[in-house]
Amino acid sequence: MDEALSSRNASVNIIREVIIREQPIEIAEAKILPSLDERERKLARAITATTLRHIGEISYLIDKFMKHPFDNDSLEKNIMRIGIAQLLFMDSIPAHAAIHGAVELAKVRGKVRATAIINAILRRAQREGMSILDQVAHERLNIPTWIKDKITQDYGPVRSEAIFEYMLKVSKIDLRIRDTSIIDSEEIQEMIYNIPIHAETFRLKQKHISVTEIPGWDSGKIYVQDAAAQIPARLFAPLKADGDLLDMCSAPGGKTIQLIDAHPTRQVTALDLSQKRIERIHENFKRCQVSGTIICGDASDTKLPDNSFAGILIDAPCSATGTSRRHPDVLISRKPEHVTNLLGIQANILKESARLLKPQGILVYATCSLFHDEGEKQIAKFLAQNTNFERLKIAMDEVGANEHIINEQGEIRTTPAENMDGFFAARLRKIA
């Protein structure tokens, strides 16, 4: 295969892993992309991300154009999906290249009999696709109904509409600058600007800049981390109890490094269930030139002694619906039953953390989910069952005076409508 065909072939295979097998895109790409060179991988990622970001619109058009559509998991349908994505949503790819590439891929993959219908559908999409989509609220088509219903229930019709508008917009890259002295250089100032969350929080001005090109990346002075995700590790300032800190579910290690930076006199332990993810922690520790204890273990059953830590950060496993701007696959791979299962896991991790925390210690619970079930309601349930804990309200000066991201209970709640990931964080203190 030539370069472009190899990229399209890889994208079709990744799309199938995500849509049919409900695999996270990172896992699918790790399995499929290594055999490609860097240019091919870049194109494959771009086609895949665009297809997933617009999957509802694409499916709507296919259903409009075909009386008897191909099976949902068929190769033919996935070829049409990536073809329409390129035609309507990727200005960098000429229309003739998108159509020709789809037809050639069908031939190479043994679907010669389908080439005529694929060619016809793509040409019709080229002529009529956007005009048809403009007649409906087409961006909403990309968000599954059950997710829209839950968000509307949690936020009300007005705020939920703002969330839907931004859920699948491509986000810029946020950074934590660990050594703020480097921002004095004109070169870096041309690349980034400060986000009014914290003095360390910055955003790349242009989407095409690679973070590895920024001076200070190799030496660990810069870490990629969404602005909202930078908040939880900063919430231990009121901690008075002596002792160490624990970062539950810590991979890839960004929040752990924050804790190490902010609390140099305390020992910080990182815990994660996956040995493969722990390798990422080691890599990031090495690049950022920090050290700490790293443990492979189950956050819901750590086997560690009671009252072991003065502070515990839980970045809990969740639906990750708040990260859809960067990971559109989560809206496809997540199902209601997954959320139900995650609620139980989160409750067990909270229970284990309550056991591990010292009296007067601080527990910070966070998720990158938009659902209140995984955030506000989870904490309300925990406090009702654990009367030896109290909520420590988060103050405006802890989040750059952004009062609008603090809810009535003094917890953090951000959404894509604030140009950040959807994030929740609550700070609790163990009374006794």
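Structure: see above.
Throughout this description, residue numbers start from 1 for each chain and increase along the sequence as written. With the structure being a predicted model, the display of local features is reserved for residues of pLDDT at least 70 and the display and counting of side-chain atom pairs for 80 or more, all residues being used for whole-chain, interface and lining totals. Only hydrogens and water are set aside; all other atoms, that is, all heavy atoms of the structure, feed into the side-chain values.

The subject of this paragraph is the overall build of the chain. We count a stretch as a helix when DSSP gives it H or I for four or more residues in a row; a strand needs E for two or more, and each element gets its number in order from the N terminus. The helix and strand tally for the chain stands at 14 helices and 12 strands. Put simply, the radius of gyration uses C-alpha atoms, and a globule should come to 2.2 Å times the residue count raised to 0.38. A globule of 432 residues ought to have a C-alpha radius of gyration of about 22 Å, and the chain, at 23 Å, matches this closely. Contact between two residues is taken to exist if any of their heavy atoms lie within 4.5 Å; hydrogens are not considered. Counting contacts in the chain only where the partners sit at least 6 residues apart, residues at least 24 apart contribute 72% of the total. Only the protein chains shown count as cover for residues, with accessible areas throughout obtained via the Shrake-Rupley method and a probe of 1.4 Å. Only carbon and sulfur atoms are counted for the fraction: they give 50% of the accessible area of the chain, which is about 19100 Å².

As a further point, take the nonpolar core. Within the largest apolar cluster, 55 residues are counted, with the highest numbers of intra-cluster contacts made by Ile-147, Ile-151, Met-167, Ile-405 and Ile-412. Every element with two or more residues in this core is listed here: α8 (145-166), α10 (254-262), β6 (268-272), α11 (275-288), β8 (309-315), α12 (330-333), β9 (357-367) and β12 (423-430). Here this core takes 6 residues from α8, the largest share from any one element. If we skip the residues at most four places from it in the chain, Ile-412 touches Ile-231, Ile-394, Val-399, Ile-405, Ile-406, Phe-423, Phe-424 and Ala-425. By size, the runner-up hydrophobic cluster in this structure holds 45 residues, among which are Ala-28, Ala-44, Phe-65 and Ile-93. Only buried Ala, Val, Leu, Ile, Met, Phe, Trp, Tyr and Cys residues count toward a nonpolar core, and they belong to the same one when joined by side-chain atoms within 4.5 Å. A simple rule labels every residue: compare its accessible area, found with a 1.4 Å probe on the protein chains alone, to the largest value its type can have, and call it buried under 20%, exposed over 50%, or partly exposed in between.

Consecutive side chains along a regular strand alternate between the two faces of the sheet. Side chains Thr-201 and Arg-203 project from strand β3 (residues 201-204) onto one buried face, and the interleaved Phe-202 and Leu-204 project onto a second face that is buried too. What makes two strands pair is DSSP finding at least two bridges between them. Pairing between strand β1 (residues 174-177) and β3: 3 bridges, direction antiparallel. Residue Arg-176 lies in a different strand from β3, and its bridge partner there is Thr-201. Here strand β2 (residues 192-194) runs beside β3; their pairing, made up of 3 bridges, is antiparallel. Following the sheet pairing, Tyr-193 is matched in β3 by Arg-203. If you look at the hairpin formed by β2 and β3, you'll find 6 residues sitting between the two strands.

We now examine the environment of Lys-221. Looking at the element boundaries, Lys-221 is found in the loop between β3 and β4 (222-224). Residue classification places Lys-221 among the partly exposed positions, given a relative accessible area of 31%. With sequence-adjacent residues up to four places away left out, Lys-221 is seen in contact with Arg-176, Ile-177, Arg-178, Asp-179, Ile-182 and Gly-216.

We now examine the pairing of β8. Counting buried residues in β8 gives 7 out of 7 residues, a clear majority hidden from the surface. In terms of strand pairing, strand β5 (residues 244-248) meets β8 through 5 bridges, oriented parallel. Note that in β8 the partner of Asp-244 across the bridge is Phe-309. As paired elements, β8 and β9 share 6 bridges and run parallel to each other. By the bridge assignment for β9, Phe-309 is matched with Leu-357.

To continue, consider helix α2 (residues 25-32). Within the span of α2, buried status applies to Ile-25, Ala-28, Glu-29 and Ile-32. For α2, the arc enclosing every buried residue in end-on projection is 95°, short of the 170-degree limit, so these residues lie on one face. In this structure, the buried residues of α2 make contact with α1 (3-19) and α3 (38-53). The arc in question is formed by the directions pointing from the helix axis toward the C-beta atoms.

This paragraph deals with the side chain of Gln-225. Counting through the fold element by element, Gln-225 comes out in the loop between β4 and β5. When sequence neighbours within four positions are dropped, the list of residues in contact with Gln-225 reads Asp-174, Leu-175, Arg-176, Gln-230, Gly-254, Lys-255 and Gln-258.

Cis rather than trans, the peptide bond between Ala-251 and Pro-252 has omega equal to 5°. Tracing the chain through its elements places Pro-252 in the loop between β5 and α10. With a phi angle near 75°, Gln-360 is a residue other than glycine that sits in the positive phi range. Within the element layout of this structure, Gln-360 appears in strand β9. Classification of Gln-360 as partly exposed rests on a relative accessible area of 39%.

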